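Fold and contact review
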Amino acid sequence: MPDSISTKQMQEYFSGEYVANYPQLPLHRLERLVPYFSLSKIDSVVDYACGSGMLLEVLHGKVGDYTGVDFSPEFIKLATNLAIQKGYARFQFQSGDIIDFAAQHQGQFDKAFAMDFAECLYDHQFLKVFKAVYESLKPGGTLYLHEPNGNFFLERLRDMGIMSRYAQLVAIRTAPRIERLLKEIGFIDIHVQMLSHYETPLSYLHPLSYLACIGKFFEARTFLSARRP
């Protein structure tokens, strides 16, 4: 099994039909995270692997300025067009590599968002990418990270080969594993919130997460905040 996916392979995954269908994902998937964000109207925020820029729709009017970064020119074009159509202000989208972008914007952002892309990175890639994210934050700046939970029963079934998984999802992690990686990078004040699935039928299973012993198998999504000291 390979321990990395090339940028070219990733661009092939996240282009064409994938880009065309991406805006159909429910906005509620991100809207429900707002209560867990600590935002200021003077914050400068960056949205890494921004895709179609859905997070801008959620954050617009709640922050000072927004920058979306994605390696897919198709996504950046789509995101820019959608933002213009909606009349948003104080935003920009840039196509490029996260590590390169972060190196050029060290210590610039109050908040960084990583919504549902960490699962596309092997651990050694995670460390490199999120070290760059760390360095793009101002001292005291906050990272918000959201991804599937590796303990969720559907992910366990996929691990066993009973269900299929998209090839680009190479590392569906548990919360403790993500915490270890973030601490290795230097993040502090890491807070974890286990959430229900954003799709209604699966979200009904979340109350089972409070059961002893088996509850962890019904926690569908992991949300973390972490701070750069």
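Here, the structure is the one placed above.
Quick summary incoming for the structure in this document. These numbers come from a predicted model, not from an experiment. (Residues numbered from 1 in each chain as written. Predicted model: local features only at pLDDT ≥ 70, side-chain atom pairs only at ≥ 80, totals over all residues. Heavy atoms only, no water.)

A few words on the pattern of salt bridges. Evaluation of the coordinates by the stated rule reveals 11 salt bridges. Here lysine 138 and aspartate 110 are joined by a salt bridge, their closest N and O atoms 3.3 Å apart. You can see lysine 138 sitting in strand E5 (residues 137–148) and its partner aspartate 110 sitting in strand E4 (residues 109–115), a full 28 residues away along the chain. Note that glutamate 155 is salt-bridged to arginine 165, the shortest N-O span being 2.6 Å. One end of the pair, glutamate 155, is in helix H8 (residues 153–159); the other, arginine 165, is in the loop between H8 and helix H9 (175–185), and 10 residues separate them in sequence. Through salt bridges that share partners, Glu155, Arg158, Asp159 and Arg165 make up one connected network. (Salt bridge = Lys/Arg side-chain N within 4 Å of Asp/Glu carboxyl O. Helix = DSSP H or I, 4+ residues; strand = E, 2+ residues; numbered from the N terminus.)

Structurally, the position occupied by arginine 158 is in helix H8. Those residues within four positions of arginine 158 in sequence are excluded, and the remaining contacts are Met163, Ser164 and Arg165. (Contact = heavy atoms within 4.5 Å.)

Moving on: the nonpolar core. Tyr48, Phe126, Phe130, Leu143, Leu182 and Phe187 are the most contacted members of the largest nonpolar core, which totals 29 residues. Secondary structure elements with two or more residues in this core: strand E1 (44–48), helix H6 (98–103), E4, helix H7 (123–136), E5, H9 and strand E7 (221–227). Tallying contributions element by element places H7 first for this core, with 6 residues. Excluding its chain neighbours within four sequence positions, the residues that come into contact with phenylalanine 126 are Ala118, Leu121, Lys131, Leu145, Arg173, Ile178, Leu181, Leu182 and Ile185. The next biggest cluster of nonpolar side chains, apart from the first, holds 23 residues, and it includes Leu33, Val45, Val58 and Tyr88. (Core = buried A, V, L, I, M, F, W, Y, C linked by side-chain atoms within 4.5 Å. Buried < 20%, exposed > 50% of the residue type's maximum accessible area, 1.4 Å probe, protein only.)

Considering the arrangement of structural elements, one finds serine 225 in strand E7. Classification of serine 225 as buried rests on a relative accessible area of 14%.

Moving on to helix H5 (residues 73–85). For H5, spanning 13 residues, the distance from its first C-alpha to its last is 18 Å, which sits close to the expected 18 Å at 1.5 Å a residue. Those residues of H5 that fall on the buried side of the exposure criterion are Phe75, Ile76, Ala79 and Ala83. Down the axis of H5, the buried side of the element spans an arc of 95 degrees, and every buried residue falls inside it. Along H5, the residues that are exposed and aim more than 90 degrees away from the buried face are Pro73, Lys77, Ile84 and Gln85. Looking one or two residues beyond H5, the residue adopting positive phi is glycine 87, at roughly 75 degrees. (Expected span 1.5 Å × (residues − 1). Arc of directions from axis to C-beta.)

Secondary-structure assignment places isoleucine 188 in strand E6 (residues 188–195). Isoleucine 188 gets classed as partly exposed once you look at its relative accessible area, which sits at 31%. Contacts of isoleucine 188, omitting those with residues within four sequence positions, involve Ala226, Arg227 and Pro229.

Another point: the packing of H7 against H9. Viewed as axis vectors pointing N to C, H7 and H9 meet at an angle of 50 degrees, and their least axial separation amounts to 9 Å. Looking at the two axes, H7 sits oblique to H9. Seen along the crossing, H7 lies across H9 with a hand that is right-handed. Packed against H7, whose contacting residues are Asp123, Phe126, Leu127, Phe130, Lys131 and Tyr134, the element H9 presents Arg177, Ile178, Leu181, Leu182, Glu184 and Ile185 at the interface. Here the residues of the contact of H7 with H9 are counted per class, giving 8 nonpolar, no polar and 4 charged. (Axes fitted to C-alpha atoms, helices over the stretch in contact; angles between N-to-C directions. Parallel < 35°, antiparallel > 145°, perpendicular 65-115°, else oblique. Left-handed = near helix turned anticlockwise from the far one by under 90°. Nonpolar A, V, L, I, M, F, W, Y, C, P; charged D, E, K, R; others polar.)

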